[in-house]
Amino acid sequence: MKININEILYAVSNGLDAVEQEMLGHITIGHSKRLAALSVITAKAIGLSSQDLIDIAAFSILHDNALTEVNQEEKQYRQYNGGRGYPEHDFNIRRCIIGENNTKLIPFRTNCRDVIMLHHENADGSGPFGRTAGNTPIKAQIIHLADSIDHQFDLNEVSKSNYNAIIDYVRAYTGTLFSPEVAGTFIKCFKYKHLNQLSYSNIDNTIRKATKSFNDEYSITEVMNLATLFAKIIDYKSFYSCVHSLGVAQKAIHMADYYKYPLEKAVRFYLAGALHDVGKLMIKNEILQKPGKLTDAEYEQMRNHAYYTYDILSKLKGFDDIVVWASHHHEKLNGTGYPFRLSAKDLSSEERLMTCCDIYQALTEKRPYKEGFSHAKAMEILRDMVIKGEIDMDIVNDMNYEMTLNRKVDRNSPTSILYSSEDVYVTTDENNHII
């Protein structure tokens, strides 16, 4: 399957920035892309290959991919430690370790071991793991410098004074925060013109010009792993939806098997299921995790996630099908859905199916305001929605048949390659994990 991984990462970067902004409070939207651009500029001047440049841009986008997961982990820690959270050192250690493990799901072009793990290390060994520059991968050092600069300065301010302050900052911390090699290269290669290239309106073009663009052929497993990573990041945004996107993706692929979708279409449908709630990265946790009923104003903010999903994914080239399958999952056949108030004539069978997969998964999983419903109760609610003209009757009947029968995946079907287990059932255990 041909995809451009970096383009997908650039598309979801604003969502990742929104998470970092909410949880750490000191970055602005465009942060990850600015890191990518700064890192590529420096890496190119150091002499890294074009393949390395593509990978360091990807790592820059993913540098804090574990924040949502570590945030939920820390909440569990607080429950058993009198409300005390992780010390800052431990929090940084965990986000680096988990982030490193997560990036093993990405098929990078070059050796990228320990880049995420060690991207907070200081040259003098005063970082989280105590590594000096001599024991830290060059890519990690470069991203650390770029991250530090973007935290310290407003890179949207294009002025000589801001430029000079950046250079003075890097020079002042050479040998402590930054190695002489990386700092010296940055000081030589970073020019005043680059500030304008880093502005929010120019950053997309800057990144694309700095790295080559490839639609590479990836295996089904590699694409599924990439989708699973996105689902993981999205789902950990809220403790109460920690299996939702993955559950929707798995139900989507199971129904794709039932409807005998061609293999590549089935994989794209799985990817759409994994990404359908990417817009929730833009929604504050105080709304996502509110244990009680949302106010009207809060509900309107929550509804915005479907548009945010569309806005994020619509920037992808060659993914028009995934954009609509993912972002229309709250549309209804009678025109009462959102964000676009589409109706039956506008909605394909795939969009209708994604809606049903999303609703079924949401009904059967635990949420802050309810326990997970049984299959029978979920089907009762789905049939009521059919009567109201909201969702597709034939798809609901097919899903009822599939979920009741617990049909094993046909080993002779094209999609059988997607499953590693010999016994795949679409059911959930007592913890609402797909088994």
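No experiment lies behind these values; they were computed from the predicted model shown.

A. Up close: the packing of helix α2 (residues 31–46) against helix α8 (residues 180–189). Following both chains from N to C, one finds α2 and α8 inclined at 100°, their axes separated by 9 Å at the closest point. In terms of orientation, α2 and α8 fall into the roughly perpendicular class. Together, Leu38, Ile41, Thr42, Ala45 and Ile46 of α2 and Glu181, Val182, Thr185, Phe186 and Cys189 of α8 make up the contact between the two elements. Residue composition of the contact of α2 with α8, grouped by class: seven nonpolar, two polar and one charged.

B. Just the confidence of the model for the protein chain, in detail. Mean pLDDT over the protein chain: 89, with 92% of residues reaching 70 or higher. Note that residues 419–435 has pLDDT below 50 and, in this model, 38 contacts with residues that lie over four places away or in other chains.

C. Fine view of the packing of helix α17 (residues 349–364) against helix α18 (residues 375–387). Two elements in contact, α17 and α18, have axes separated by 9 Å at closest approach and are oriented at 140°. The angle between the axes of α17 and α18 places the two elements in the oblique class. The hand of the α17/α18 crossing is right-handed. Between α17, through Ile359, Tyr360, Leu363 and Thr364, and α18, the contact on the second element is made entirely by His375, Ala378, Met379, Ile381, Leu382 and Met385. Looking at the contact of α17 with α18 residue by residue, the class counts come to eight nonpolar, two polar and no charged.

D. Highlighting empty space enclosed by the protein. Applying the stated rule across the entire model yields six cavities of 30 Å³ or more. Counted as a void, the largest cavity has a volume near 180 Å³. Asn4, Asn6, Ile54, Arg109 and Lys212 are the residues nearest the centre of the largest cavity, which is lined by 20 residues in total. Of all elements in the fold, only α1 (5–24) and α3 (50–61) reach the threshold of two or more residues within the lining of the largest cavity. Per-element tally for the lining of the largest cavity: the top contributor is α1, with four residues.

E. Fine view of unusual backbone geometry. Following tyrosine 338, the chain continues into proline 339 via a peptide bond in cis, with omega recorded as 10°. Checked against the element boundaries, proline 339 lands in the loop between α16 (320–327) and α17. In the Ramachandran plot, lysine 260 falls in the positive-phi region, its phi being about 60° despite a non-glycine side chain. Position of lysine 260 relative to the elements: it lies in the loop between α12 (244–258) and α13 (263–275). The exposed category is assigned to lysine 260, whose relative accessible area is 65%. For arginine 341, which is not a glycine, the phi torsion comes out positive at approximately 50°. Mapped onto the elements, arginine 341 comes out in the loop between α16 and α17.

F. Up close: the side chain of glutamate 20. Relative to the assigned elements, glutamate 20 resides in helix α1. Here glutamate 20 is buried and forms no salt bridge, its nearest opposite-charge partner arginine 95 lying at an N-O distance of 4.8 Å. At a separation of 3.4 Å, a polar atom in the side chain of glutamate 20 contacts the side chain of histidine 63. In this view, glutamate 20 contacts Gly25, Ile27, His31, His63, Asp64, Leu67 and His151; residues no more than four positions away in its chain are not counted.

G. Quick look at the packing of aromatic side chains. In this structure the tally under the stated criterion is 16 aromatic pairs. Ring geometry for tyrosine 163 and phenylalanine 190: centres 5.9 Å apart, planes at 25°, overall stacked. Taken as a pair, tyrosine 163 in helix α7 (residues 160–172) and phenylalanine 190 in the loop between α8 and α9 (192–197) lie far apart in primary sequence, 27 residues in all. Comparing tyrosine 163 with phenylalanine 190, the two get one shared label, buried.

H. Inspection of the environment of leucine 281 at higher detail. Mapped onto the elements, leucine 281 comes out in the loop between α13 and α14 (285–288). Residues leucine 281 and glutamate 20, 261 residues apart in the sequence, show an inter-C-alpha distance of 9.8 Å. Residues in contact with leucine 281, not counting those within four places in the same chain, are Gly15, Leu16, Ala18, Val19, Ile233, Ile234 and Lys237.

I. The arrangement of the state of the cysteines in detail. In this structure the tally under the stated criterion is zero disulfides. Among the cysteines around cysteine 112, which has no disulfide bond, cysteine 96 carries the closest sulfur, lying 16 Å off. Classification of cysteine 112 by relative accessible area gives buried; the value is 9%. Unpaired in terms of disulfides, cysteine 356 finds its nearest cysteine sulfur in cysteine 357, a separation of 7.1 Å. Assessed through its relative accessible area of 0%, cysteine 356 is described here as buried.

J. Summary view of the nonpolar core. With 112 residues, the main nonpolar core has Ile3, Ile149, Phe186 and Phe190 as its most contacted residues. For this core, the element with the most residues is helix α11 (residues 220–235), which contributes ten residues. Sequence-distant contacts of isoleucine 149, that is, excluding residues within four places in its chain, are made with Leu38, Leu155, Ile166, Tyr169, Val170 and Phe186.

K. Local environment of the environment of glycine 247. With respect to the helices, strands and loops of the structure, glycine 247 is situated in helix α12. The exposure class assigned to glycine 247 is buried, which follows from its relative accessible area of 0%.

The rules we used
Residues numbered from 1 in each chain as written. Predicted model: local features only at pLDDT ≥ 70, side-chain atom pairs only at ≥ 80, totals over all residues. Heavy atoms only, no water. Axes fitted to C-alpha atoms, helices over the stretch in contact; angles between N-to-C directions. Helix = DSSP H or I, 4+ residues; strand = E, 2+ residues; numbered from the N terminus. Parallel < 35°, antiparallel > 145°, perpendicular 65-115°, else oblique. Contact = heavy atoms within 4.5 Å. Nonpolar A, V, L, I, M, F, W, Y, C, P; charged D, E, K, R; others polar. pLDDT = per-residue confidence, 0-100. Left-handed = near helix turned anticlockwise from the far one by under 90°. 1 Å grid on protein atoms, 1.4 Å probe; cavity = no way out; pocket = protein on both sides within 12 Å on 5 of 7 lines; lining within 4 Å. Points joined across faces, edges and corners; volume = space filled by probe spheres on them. Buried < 20%, exposed > 50% of the residue type's maximum accessible area, 1.4 Å probe, protein only. Lys, Arg positive; Asp, Glu negative; His and termini not counted. Salt bridge = Lys/Arg side-chain N within 4 Å of Asp/Glu carboxyl O. Polar contact = N/O pair within 3.5 Å; in protein donor to acceptor, adjacent residues only side chain to side chain. Phe/Tyr/Trp six-rings, centres within 6.5 Å; stacked < 30°, edge-to-face > 60°. Disulfide = S-S within 2.5 Å. Core = buried A, V, L, I, M, F, W, Y, C linked by side-chain atoms within 4.5 Å.

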